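Examination of the molecular architecture
Letter by letter, the chains look like this.
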Amino acid sequence: MKINKFTVAILGMLGTGSALAAGPLLTSDDASPKPYVWDTSKGSIPVYVDGGDAFTYDYDGSVFLSIDRAREITQFAFDQWNNVETSTFRADIAGTIQEKIGIADVTGANAAEIYTKQNGYGFWVLYDTDGSILEDFFGVPKTAVLGIAFPEIADENNVIIEATAVINGWNVYVNDTEGNQVAGVFTHEFGHAINLSHSQTNGQLGYISNTFAPLYPGVAGCGVEPIHAYNWPDWYGPTNPADPEIIETMFPFISHNGAGGTAQSTVNVLDDKVSISNLYPTDAYKTGFGAIEGRLRLKDGQTEYSGVNIIARNLSDPLMDAVSAQSGYLTQGKVGPDGYFKINGLTPGQSYVLYTEEIHVGGYPTRQMPIISVAEYWNENEGSNPVSDDKCDVTPIVAEAGKSKQADLTFNGYDDGINFRPIVNAFLTDLAKNGRSSMGTIMGYGFTWDETKGFEMLPDYVTAETGRMNRNGTKILVNSDHDRNGVSAPAIWSDSKGVMPLGDFTGNSCGGGTQHGTEAASAWDIDDAGNTVVGLAYKDVDGNGMCYEYDKGELVPFIWTPKEGMHELDTQDVDWNINSWVRAHAISGNGEVALGSLDGWEAVAWVKEGKMINLYQKAGAIEANAASYDGKKIALATETGNVLLWDHSKPDSSAFTDIGGLKWCENVPFMLWGWNVCEDMGADWVHSIFGEYAGLVPFDMSDNGDVIIGRAGDFWAGFVGAIYIKELGWMTLDNFFSKQGVLEAERASMNNPLSISAAGSKMVGGVAGAMISYHVDMTEVYVCENGNSIKTGFPNGLINKVKSGAQFGRCEHLN
């Protein structure tokens, strides 16, 4: 007989922490994947159990849980699955492993005798008393993994003939004197051996939800109350603690030191009963229950999307009568995009709501995916238009015996207006002023990205973290170790000429250390023409062979031009006894105004390579990064949190214009570890302690300064993206996208906008600390004029409309 011996995968693993929706664990690999199943027509499937002196020992070496108790728990756990009335499955202990193949106690030393051989039909249950099977055979820590189980061998008809389960006896809590808590591990792992995957129906409520990050048995924001795992103090907000009994057995996490483990030892939640019944249905199950099936698609209405959880909840019993399924769970990504889902086992005559939800804890054969819009309920007007298909609109579906109701779901989002495009697994750092080319890094390697050409990797000997592009994206400022001596220096990269070194001050022999090695100088910005570069360079002032000593004037700003090469910018007024370094890190489009920093907290500037101007001393400016093309508008971050525009051509105080910022509690909530301080303490208190403004740092601006982007907030209260538009002032990016109806951005939390095009209509940025970026095309935006949503250009069309009385945003999204 031809057999299929599965790879010893760890799909069926359960951990004490995060571990690896209901559906099959393993499916065939052909063009029409089918789940592997046991042949239940042969009667009860035999279970063979391990021996040894104990299942687990106490600290003093005495038996804590005996082998006999482990066998009792084993039969108890199988009985939970045996007793599902709508399933034909049954398995019972038929003997011991010793009786079958002569091994008295399976350990890490002899586990290969089980896993690499065909031992016989049935389940083979191993009690890993000392955790050695997990550590020595599987190579996983016994402190974190509680069990591993999976079908191991199937015949040519996809029928399982042998399955194994190892249960960690070393990892049992001292309070679990009867083994009732670790019993949840037994039942869960045997579910995998039956070929059940993980599921998420209520487990996220019972284990993860809390008052500062609540989860809901429905769509958030649609009137359903959250259910919390923890009962936090009242000042964190009201609580609604979960009953552990709602947790489904196949949720991919277990707390086996308490009530959660005990709850998961029983198969009492409908989701688990449906899971096993789908694989081993009775005739009554096939005809006596209702179903809902459909496909999940992107907003184009065509492209299917897998990996999102779909849940049906009975309005009369939303927790215990609930069933989940991932889109694409039957094909598991083996046949391409698949949005199909089917939810069986629904009670005839009962009304169910259907909605989308992201998977919160990982470990599924079908890769879990984020929702590319917002979670929503299904309704009879289901579509992609956010106006006609509000996420909270819900049409209950009445289950009918033997019938499957159709309910396709489509992500919401407008086809016109702002185009919000995620660029995953990449970090975009700069957008060429023409708005068509970008650059950034992927896992430390430089790349360029074009809307039409896609990704092109830069040579591996260049680094691009601090580099920039010229106006049309043909010249890319990088650092390069082009002579492979281990010391890099600034260079300009172009497709036509490759690397053009710009020089340094140490003969490429000495520099400061960075995460990419030693740099004799680092390049930071290039002007629009690609003829002027600024950055930070190292010098060996005292000739001691070291070129990176603070307080000696060895870390200095440089400027480079083709005619004069690399040379220092002025620092004659810097007191090197109290200052460590000066850097030039930005330059205006025309190359006339360079911006920089003194020691990281005083903004400085140079106009036409003149004397260094200390903008902190003049106006309290702590950062300067964003400049208009002509350099006559410089956006300054200040120590008070508001933003000043500086025009170097004007004298004294007339050179500075206050353009405000984002205020705590008015524009930005002050969230301290989930606590909304504004709501509880009031705006006045927050302003008196933390200041009025949420410190705003501008990063870039359009050629004429009409559009500026930046980031506001701080480490403790959190950061938000910010945008300034002439005539409108500052607003958070969340507010900007929300009023434009960009649902795709609602959950993206783009808090790190970095670069903007010359016209101000395109932007790149991402989420601070995350390997994801966004390219945003704002060429078309909406205003609300006389009650109608009117499309206009950005920014000029918008500014003119607002000046004539229109409101920013689509009318449907202003509130």
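Each value, and the rule that gives it
Numbering of residues starts from 1 in every chain and runs along the sequence as written. Only residues with pLDDT of 70 or above have their local features reported here, since the model is predicted, and side-chain atom pairs are shown and tallied only from 80 upward, although totals for entire chains, interfaces and linings are computed over all residues. The basis for every side-chain value is the complete set of non-hydrogen atoms in the structure, without hydrogens or water. Here a salt bridge means any side-chain nitrogen of Lys or Arg lying within 4 Å of a carboxyl oxygen belonging to Asp or Glu. Put simply, DSSP H or I for four residues or longer makes a helix, DSSP E for two residues or longer makes a strand, and each gets a number counted from the N terminus. Three labels apply to residues, based on accessible area from a 1.4 Å probe with only protein chains included: buried if under 20% of the type maximum, exposed if over 50%, partly exposed otherwise in between. Polar contact is defined as a pair of N or O atoms within 3.5 Å, subject to the rule that within protein one atom must be able to donate a hydrogen and the other to accept it, and that residues adjacent in sequence are counted only when both atoms are side-chain atoms. Known as pLDDT, the predictor's per-residue confidence is scaled from 0 to 100. Every residue pair with non-hydrogen atoms within 4.5 Å of one another is taken to be in contact. Here, a strand pair is defined by DSSP locating no fewer than two bridges between the strands. Every angle, taken between N-to-C directions, lies between 0 and 180 degrees, and every axis is a line fitted to C-alpha atoms, over only the stretch in contact when it is a helix.

Applying the stated criterion to the full structure yields 24 salt bridges. When the shortest N-O distance is used, the salt bridge between arginine 471 and aspartate 528 registers 2.4 Å. Taken together, the positions of arginine 471 in the loop between β23 (462-463) and β24 (476-480) and aspartate 528 in the loop between β29 (521-526) and β30 (533-538) put the pair 57 residues apart, joining distant regions of the chain. With relative accessibility at 13%, the residue aspartate 528 sits in the buried group. Across the salt bridge formed by lysine 552 and glutamate 549, the nearest N and O atoms sit 3.2 Å from each other. Owing to a relative accessible area of 35%, lysine 552 belongs among the partly exposed residues under this scheme. Three or more residues joined by partner-sharing salt bridges are found here, namely Asp416, Glu780, Lys791 and Arg810.

The next subject is the side chain of serine 480. Tracing the chain through its elements places serine 480 in strand β24. Residue serine 480 is classed as buried on the basis of its relative accessible area, which comes to 0%. Here histidine 482 takes part through its side chain, which lies 3.0 Å from a polar atom of the side chain of serine 480.

Across the protein, pLDDT averages 92, with 96% of residues at or above 70. Contacts of residues 7-12 to residues separated by more than four positions or lying in other chains number 19 contacts, the stretch itself having pLDDT below 50. Long-range and interchain partners of residues 15-21, a stretch whose pLDDT sits below 50, account for 36 contacts in this model, where long-range means more than four residues apart.

In this structure, proline 795 follows phenylalanine 794 across a cis peptide bond, with omega equal to 5°. Considering the arrangement of structural elements, one finds proline 795 in the loop between β51 (788-793) and α14 (796-803). Here aspartate 551, not a glycine, exhibits a phi torsion of approximately 65°, which is positive. Looking at the secondary structure, you find aspartate 551 in the loop between β30 and β31 (555-561). Look at aspartate 652: it is not a glycine, yet its phi comes out positive at around 45°. Residue position: aspartate 652 is located in the loop between β39 (643-646) and β40 (656-658). Judged by its relative accessible area of 67%, aspartate 652 is exposed.

Here we have four strands laid out as an open sheet, ordered β19-β20-β21-β22, and antiparallel in their pairing. Among the strands making up the open sheet, the edge pair consists of β19 (427-431) and β22 (454-457). The average undirected angle you get between the axes of adjacent strands in this sheet is 30°.

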